[in-house]
Amino acid sequence: MNFHEYQAKELFAEYNIPVPKGKVARTVEEAVTVAESLNCDMWVVKAQVHAGGRGKAGGVKLAKSLNEVHQHASDMIGMTIKTYQTGGLALPVNEVLITEAANIEKELYLSLLVDRANKCLSFVTSAEGGVEIEEVARTNPEKIHTIRIDNTEGLFPYACRKTGFAMGLTSKQVRQLSHIMIQMHKMFLDLDLSLIEINPLIIDDQQNVVALDAKLDVDDNALYRHQDLAAMRDKSQEDPAEAEAHEHELNYIKLDGNIACMVNGAGLAMATMDVIKLKGGEPANFLDVGGGATAERVATAFKIILSDPNVKSVLVNIFGGIVRCDLIANGILTAIKEVGVKVPIVVRLEGTNVELGKKILDESDLAVISANNLDDAANKAVEAAGATS
């Protein structure tokens, strides 16, 4: 789950990580009131969406008067923003963050993430921060530094100080950076996060280190332990189908292809998509309905995957272990009747009572294509998608 910048900064403040003064506003009038309360001469108006690159899309503006705050807030609230990080979606701007403008002397980059390759948490830092950090990583990778945190020993202050001096900071700034890194690590563990990114982390005109921006991701699997964080979810920033799938505890991710996949088990789902690709097709989604593939869950899954207008065929690949194949077959037929599927459906069943399950599908009056194995299913799904196109 992602957070808005203002939500991330509120959590930063709880962990004593320095951020500019600011507050979120949901109306133009509220934006002006917030600006007045900050008691400063210049403000930054920032559209709140779950994506980077807002500035280039007109989502970050400097205001030198309250009239400009009013104008920028009026322009932003209600607009949509589409950037390279929105996955093709145009995200709605429902609120803006009003902050005091900072005098920036230098921009740095700092993040803490799950380093899966090294099976630990790692800080990633650079003295070259700002919106073009991806370009820095591509063209000057030597300017990106990684600090791995031992899972047993944790984060030592000396490692933070070493990082600060390597970034060319003064002794005062090194102390401030060390404090920020230690608090980030504590926050990461306390809240079960998967990413903290500060870009840019700035040095202001008072020579202080301040988090000018903030991005947080939390591990969805840990949200049951953090109901306060779960309440911060903004469904308007998510793909509608993915949001609905989340409500029904289905694991769904939309992709760019035209062959929808419905599978029980994440590993089996990945294998199914791989085989579709090998056969020359393109999967339209990842969908894991879980071990208990009941008729209700299958019907909901059909509704979600068919909400994608690009879908030309559906491949259902179910292993009947916990639930018998005959029950799954009846569930699939019930779901098809309920949803009214109008594209070819290829079904591959394996496991307990598989022959009975296939018999039920073959004897039905519905246009369901039965497959003998995954290879056969993928061939038939690709062929059906091509015939439908």
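As a reminder, the structure under discussion sits directly above these lines.
This report concerns the structure included in the present document.

About the criteria used
Residues numbered from 1 in each chain as written. Predicted model: local features only at pLDDT ≥ 70, side-chain atom pairs only at ≥ 80, totals over all residues. Heavy atoms only, no water. Helix = DSSP H or I, 4+ residues; strand = E, 2+ residues; numbered from the N terminus. Buried < 20%, exposed > 50% of the residue type's maximum accessible area, 1.4 Å probe, protein only. Contact = heavy atoms within 4.5 Å. Areas by Shrake-Rupley, 256 points an atom, 1.4 Å probe, with all protein chains shown as cover. 1 Å grid on protein atoms, 1.4 Å probe; cavity = no way out; pocket = protein on both sides within 12 Å on 5 of 7 lines; lining within 4 Å. Points joined across faces, edges and corners; volume = space filled by probe spheres on them. Nonpolar A, V, L, I, M, F, W, Y, C, P; charged D, E, K, R; others polar. Expected span 1.5 Å × (residues − 1). Arc of directions from axis to C-beta. Axes fitted to C-alpha atoms, helices over the stretch in contact; angles between N-to-C directions. Parallel < 35°, antiparallel > 145°, perpendicular 65-115°, else oblique. Left-handed = near helix turned anticlockwise from the far one by under 90°. Pairing = 2+ DSSP bridges. Salt bridge = Lys/Arg side-chain N within 4 Å of Asp/Glu carboxyl O.

## Here's the deal with the overall build of the protein chain
When its secondary structure is counted, the protein chain shows 13 helices and 18 strands. For the protein chain, the spread of C-alpha atoms along the three principal axes comes to 80 × 50 × 40 Å. Among the 389 residues that make up the protein chain, the fraction classed as buried is 49%. Put simply, 67% of the contacts in the protein chain that link residues at least 6 apart link residues at least 24 apart. When the accessible surface of the protein chain is totalled, it reaches about 18500 Å², and 50% of it is carbon and sulfur.

## Points about the layout of surface pockets
Put simply, the second largest pocket is a space of about 270 Å³. Considering the residues around the second largest pocket, the lining is formed by 16 residues, among which Ile147, Arg148, Tyr158, Ala159 and Lys162 are closest to the centre. When contributions to the lining of the second largest pocket are tallied by element, the ones reaching two or more residues are strand 9 (144–149) and helix 5 (157–166). Across the lining of the second largest pocket, the residue classes tally to seven nonpolar, five polar and four charged.

## Topic: helix 9 (residues 266–278)
If you check helix 9, its first and last C-alpha atoms are 19 Å apart, about what 13 residues at 1.5 Å a residue would give, namely 18 Å. Ala269, Thr272, Met273, Val275 and Ile276 are the residues of helix 9 that are buried. Each buried residue of helix 9 lies within a common arc of 160° when the element is viewed along its axis, so the set occupies one face. Among the exposed residues of helix 9, those oriented more than 90 degrees off its buried face are Gly267 and Leu278. Of the residues flanking the end of helix 9, it is Gly280, one or two places downstream, whose phi is positive at about 95°.

## Some words on the packing of helix 11 (residues 325–339) against helix 12 (residues 354–362)
Each packed pair of helices is defined by two parameters, the angle between the axes and the distance between the axes. Where helix 11 meets helix 12, the closest approach of the two axes is 7 Å, and the angle between their N-to-C directions is 20°. When the interaxial angle is binned, helix 11 and helix 12 end up roughly parallel. The element helix 11 and its partner helix 12 pack so that their crossing is right-handed. Along the contact surface, helix 11 presents Cys325, Asp326, Ala329, Asn330 and Leu333, while helix 12 presents Val354, Leu356, Gly357, Ile360 and Leu361. Looking at side-chain class alone, the contact of helix 11 with helix 12 contains seven nonpolar, two polar and one charged residues.

## A closer look at the packing of helix 2 (residues 28–38) against helix 3 (residues 66–76)
One can describe the packing of helix 2 onto helix 3 by two numbers: an axis separation of 9 Å at closest approach and a directional angle of 145°. Crossing of helix 2 against helix 3: the hand is right-handed. Counting all contacts with helix 2, which are made through Val28, Ala31, Val32, Ala35 and Glu36, the residues of helix 3 involved are Leu66, Val69, His70, Ala73 and Ser74. A class-by-class count of the residues in the contact of helix 2 with helix 3 yields seven nonpolar, two polar and one charged.

## Overview of the pairing of strand 7 (residues 104–115)
Here eight bridges tie strand 7 to strand 10 (residues 193–204), and the two strands are oriented antiparallel to one another. Bridged to Leu108 within strand 10 is Leu201. In terms of strand pairing, strand 7 meets strand 8 (residues 120–126) through seven bridges, oriented antiparallel. What sits directly across from Tyr109, in strand 8, is Ser126.

## Structural notes on the pattern of salt bridges
Per the stated rule, a full pass over the model turns up 18 salt bridges. A salt bridge links Lys9 to Glu5, with the shortest nitrogen-to-oxygen separation between them at 2.7 Å. Within this pair, Lys9 and its partner Glu5 are both found in helix 1 (residues 5–14), separated by four residues, close to a single helical turn. Judged on exposure class, the residue Lys9 and its partner Glu5 are both buried.

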